[in-house]
Amino acid sequence: MTFVRSIAYAAAGLALAAGFGTAGSAEAQTKMKFTLDWAFQGPTSAFLLAEQKGYYKAEGLDITIDAGQGSAGALQRVATGAYEMGYADINALIEYNVKNPDSQVKAVMMGYDAAPFGVYALKSSGIKTPKDLEGKKLGAPVFDASFKLFPAFAAKVGIDKAKVTHINLQPPLREPSLKNGSVDFISGHYFSSILDLEKIGVKADDVMAFPYADFGMDFYGNAIIASPKFIKENPAAIKAVVKATIKAWKEIAANPELGVKATKTRDGLTDETLEMKRLKMSLERNVLTKWVKENGFGGVDMARLQRSSDAVASAVGLPRAPAAKELFEEGFLPPKAERMMP
């Protein structure tokens, strides 16, 4: 009886210890909120895949990922501390930091080495060259990144921006307005506008696209961002987010279907065919660039980032162009060997 009781006590002790161990592990998880810049779509599926496959949890993170309503909103969420980290356009970050010097946000990992910005017309309009956009109506939300950088594009290709009339549109009305002729051209992300036009019956062959990158506009795009408070107080968690996200992104680059399934898991209404096209477009045009293939995913060329900062400041009329080191913190990236894409 004494032996049996001893075994029971020992088992209870082990169970209690195991319980304490589990509780300790749970308490050790860093709880945080992460905001995307837009809806759950193929191009941002790496974050969802990392969450669903437990990559964040394995790095000690208890992370909640929410959809967003634009980069400006994502920056505001992070800057105010409502969210510790997020995903947003670095060009919007440039403008935000200049206008909000006391709550500057930093990028810690680049997602789009080539920005997806551009403007789009229908071939039936007779628009064939950028110069043909003069005298026409541009439909765009005021917060759209491609719209905000249109002055830089105009200066680059010789368009007199004073001869272009802006029509403010809510995002859901942008592509339909182009189709019905209410506006002559629209601005937006390439992988969004082309596919959203296709979704309402406009064939890709009927679209005259002017991607800014094709005209020498060397902008970066979306990046992982972090609040100044979180950077100061929990750099280890930022490194963990970056490491886990890169792991997921590499898997998606090798097999895009994983990203589409992760998006579908999060949003049951996802059109898998559409999101596969969108994801492949973003990988081919924005993520797997020559520079990334040679230098690894997630980093930036600081000299190029400075040129981008100068161009953005000029385009939107900022009083100064932030230094690249004010915008991007390189110390959170894994070694280059761990960032090479398949």
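What you are looking at is a predicted structure, and each value in this text was computed from that prediction instead of being measured.

Draft legend 1. Broad picture of helix α13 (residues 272-287). Buried within α13 we find L274, E275, R278, L279, M281, S282, L283, N286 and V287. In the core, the buried residues of α13 are packed alongside α2 (45-52), α9 (190-199), α11 (235-254), α12 (256-266) and α14 (290-295).

Draft legend 2. Quick peek at the sheet that holds strand β3 (residues 85-89). Reading across from one edge, β2-β1-β3-β10-β4 is the order of the five strands in this open sheet, with mixed pairing throughout. Among the strands making up the open sheet, the edge pair consists of β2 (61-66) and β4 (106-110). Strand after strand, the sheet turns through a mean of 30° between neighbouring axes, direction not considered. Contacts from α2 reach β1 (30-35), β2, β3 and β10 (222-226) within the one sheet, and its direction differs from that of β2 by about 140°. Together, β1, β2, β3 and β10 form the strand contacts of helix α4 (residues 71-79), whose direction differs from that of β3 by roughly 150°.

Draft legend 3. Focus on the nonpolar core. Ranked by internal contacts, the top residues of the largest apolar core, which has 108 residues, are F34, M85, F150 and W249. Considering every element that reaches this core, the biggest residue donor is α11, with eleven residues. Apart from residues no more than four positions distant in its own chain, M85 is found in contact with M32, K33, F34, T35, V78, V108, I224, I225, A226, F230, I238 and V241.

Draft legend 4. Representation of a nonpolar patch on the surface in the model. On the surface, W38, V142 and F143 cluster together to form a nonpolar patch covering roughly 260 Å² of accessible area. Mapped onto the fold, F143 is located in the loop between β6 (137-140) and α6 (145-148). F143 sits in the partly exposed class, given a relative accessible area of 39%.

Draft legend 5. Structural view of the packing of aromatic side chains. Under the counting rule described, the total for this entry stands at 14 aromatic pairs. Seen from their ring centres, F47 and W249 are 5.8 Å apart, and the 75° between their planes marks the pair as edge-to-face. Of the two residues, F47 is situated in helix α2 and W249 in helix α11; the sequence distance between them amounts to 202 residues. The class for F47 is buried, based on a relative accessible area of 0%. In this structure W249 comes out as buried when scored by relative accessible area, which is 2%. Relative to Y212, the ring of F153 lies with its centre 4.6 Å away and its plane at 15°, an arrangement referred to as stacked.

Draft legend 6. Looking closely at the pairing of β1. Note that β1 and β2 share six bridges and pair parallel. The partner of M32 across the bridge, within β2, is I63.

Draft legend 7. Local environment of the pattern of salt bridges. Within this structure, the stated rule accounts for 21 salt bridges. Taking the shortest distance from any N to any O, the salt bridge between D218 and R307 comes out at 3.7 Å. Linking D218 in the loop between β9 (207-211) and β10 with R307 in helix α15 (residues 302-316), this pair joins segments that are 89 residues apart in sequence. By relative accessible area, D218 is classed as partly exposed at 39%. Note that K229 is salt-bridged to E233, the shortest N-O span being 3.0 Å.

About the cut-offs
Residues numbered from 1 in each chain as written. Predicted model: local features only at pLDDT ≥ 70, side-chain atom pairs only at ≥ 80, totals over all residues. Heavy atoms only, no water. Buried < 20%, exposed > 50% of the residue type's maximum accessible area, 1.4 Å probe, protein only. Helix = DSSP H or I, 4+ residues; strand = E, 2+ residues; numbered from the N terminus. Contact = heavy atoms within 4.5 Å. Pairing = 2+ DSSP bridges. Axes fitted to C-alpha atoms, helices over the stretch in contact; angles between N-to-C directions. Core = buried A, V, L, I, M, F, W, Y, C linked by side-chain atoms within 4.5 Å. Patch = residues over 30% accessible without salt bridge, like charges linked within 9 Å, V, L, I, M, F, W, Y side chains within 5 Å. Areas by Shrake-Rupley, 256 points an atom, 1.4 Å probe, with all protein chains shown as cover. Salt bridge = Lys/Arg side-chain N within 4 Å of Asp/Glu carboxyl O. Phe/Tyr/Trp six-rings, centres within 6.5 Å; stacked < 30°, edge-to-face > 60°.

Purely geometric numbers; function is a separate question.
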